[in-house]
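Here is what each chain is made of, one letter per residue.
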Amino acid sequence: DEAELQARFDALIEADQRIEPRDWMPDAYRKTLIRQISQHAHSEIIGMQPEGNWISRAPSLKRKAILMAKVQDEAGHGLYLYSAAQTLGISRDEMTEQLIESRARYSSIFNYPTPTWADMGAIGWLVDGAAICNQVPLCRASYGPYGRAMVRICKEESFHQRQGFEILLELSQGTEAQHRMAQEAVDRWYWPSLMMFGPPDDESPNSAQSMAWKIKRFSNDELRQRFVSMLVPQAEVLGLTLPDPNLRWNEERGEWDMSEIDWTEFNEVLAGRGPANAQRIQHRRDAHEDGAWVREAAAAYAEKQAARARQ
Ligand code: FAQ
């Protein structure tokens, strides 16, 4: 009966074992996973746009090839994640509808524009850096298909972060104008990248339950702190400054003191009023409509094959 199934589920979680698609799971666990995994998938897909903007304008053939490979990786991540969500009983069509009708969330970070080439460096260094900090612990998420997808995704994100770091390093050590461009991109992306970790712990409605289920292993603020610890020495190597005059190590508390994050900005972006929200969704909708003929052709082909098999 239900109580027995619940007890078995609780024991698996307690023992750090994995829950697999055919296992019984509480409805709320299924729902929260569909929410998080589909949001994550949408983020990867929408996240192709800010960098896609620079593929045709990359400063060299080598840079262009690298950027194309990175953006293709993001498409791949989106597809694994949609597949992981599908194992929970939601269809890919349903998730796509939710996204293009603006009923689903995706990461706030992808609603900012990319006016210069240095933004490609800042995205790799800061956005992929934040993604790694957040996602390495997700490799141990209690839901099997999600945790396993994260392993490969994290390996690719590490490469992405290094390529961003390398772009910034080269610009930082370049001409004065290049150095300035690198610094301005870091100034633009630093605060939004800290917002990627979500609201502060005391305003994070989902954290406690997700941590009890071992989907999340660390709180939003813990991961944000870990990210800052990673950035500080790297910024020094880059010769760039993190745009927070109050950033310093607090020996007593054993954490970084920092300025207050502008949560009004975060909430505005979540409400759909960030600098590029409308453009991102419109682009995704147009791409979906433009792809209608491909879906129709694939369906017609599958139907023909099935009819042949029946003969
Ligand atoms: N943006 O209670 P919590 C990438 C929402 S990396 C938008 O703390 P939770 C790689 C949250 O959904 C980016 N919404 O929620 C890449 C919830 O709303 P809901 C994607 C946000 O789930 C790099 C509400 O606020 N990574 O794509 C954000 O426990 C470069 C309350 O928040 C992932 O998705 C935000 N920043 O913790 C691609 C990682 N923060 O659903 C291309 C997996 C919070 O109740 C280029 N996700 N919200 O309506 C997670 O780890 C978690 O879902 C958190 C949020 C940590 C994001």
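Shown above is the structure to which this text applies.
Residues numbered from 1 in each chain as written. Predicted model: local features only at pLDDT ≥ 70, side-chain atom pairs only at ≥ 80, totals over all residues. Heavy atoms only, no water.

Section: the site of the ligand
As a matter of local geometry, the ligand sits amid 35 residues, with Gln 39, Ser 108, Ser 204, Lys 216 and Asn 220 nearest to it. Side-chain polar atom of Ser 204 to an oxygen atom of the ligand: 2.7 Å apart, as the coordinates give it. In this structure, Asn 206 approaches the ligand through a main-chain N or O atom, which is 2.9 Å from an oxygen atom. For the shell around the ligand, the secondary structure elements donating two or more residues are α2 (27–46), α4 (61–86), α6 (118–135), α7 (144–172) and α11 (263–270). Counting residues per element, the shell around the ligand draws most heavily on α2, at six residues. For the shell around the ligand, the residue count by class is 13 nonpolar, 13 polar and nine charged. (Near = heavy atom within 4 Å. Polar contact = N/O pair within 3.5 Å; in protein donor to acceptor, adjacent residues only side chain to side chain. Helix = DSSP H or I, 4+ residues; strand = E, 2+ residues; numbered from the N terminus. Nonpolar A, V, L, I, M, F, W, Y, C, P; charged D, E, K, R; others polar.)

Section: the packing of aromatic side chains
Inspection of every chain in the model, using the stated rule, returns nine aromatic pairs. Aromatic pair Phe 9 and Trp 24: ring centres 6.2 Å apart, planes at 85°, arrangement edge-to-face. Taken together, the positions of Phe 9 in helix α1 (residues 2–14) and Trp 24 in the loop between α1 and α2 put the pair 15 residues apart, joining distant regions of the chain. The interplanar angle of 70° and the centroid separation of 6.3 Å between the aromatic rings of Trp 54 and Trp 117 together place this pair among those described as edge-to-face. Within this pair, whereas Trp 54 is found in the loop between α3 (48–52) and α4, its partner Trp 117 is found in the loop between α5 (92–100) and α6, the two being separated by 63 residues in sequence. Grouping residues by exposure puts Trp 54 and Trp 117 together as buried. These aromatic residues form a ring-pair network of at least three members: Phe 9, Trp 24, Tyr 29 and Trp 213. Across from the ring centre of Trp 54, 4.0 Å away, lies the NZ or CZ of Arg 57, which sits over that ring. Taking NZ or CZ as reference, Arg 226 lies 4.4 Å from the ring centre of Phe 218, over its face. (Phe/Tyr/Trp six-rings, centres within 6.5 Å; stacked < 30°, edge-to-face > 60°. Buried < 20%, exposed > 50% of the residue type's maximum accessible area, 1.4 Å probe, protein only. Lys NZ or Arg CZ within 6 Å of the ring centre and 35° of its normal.)

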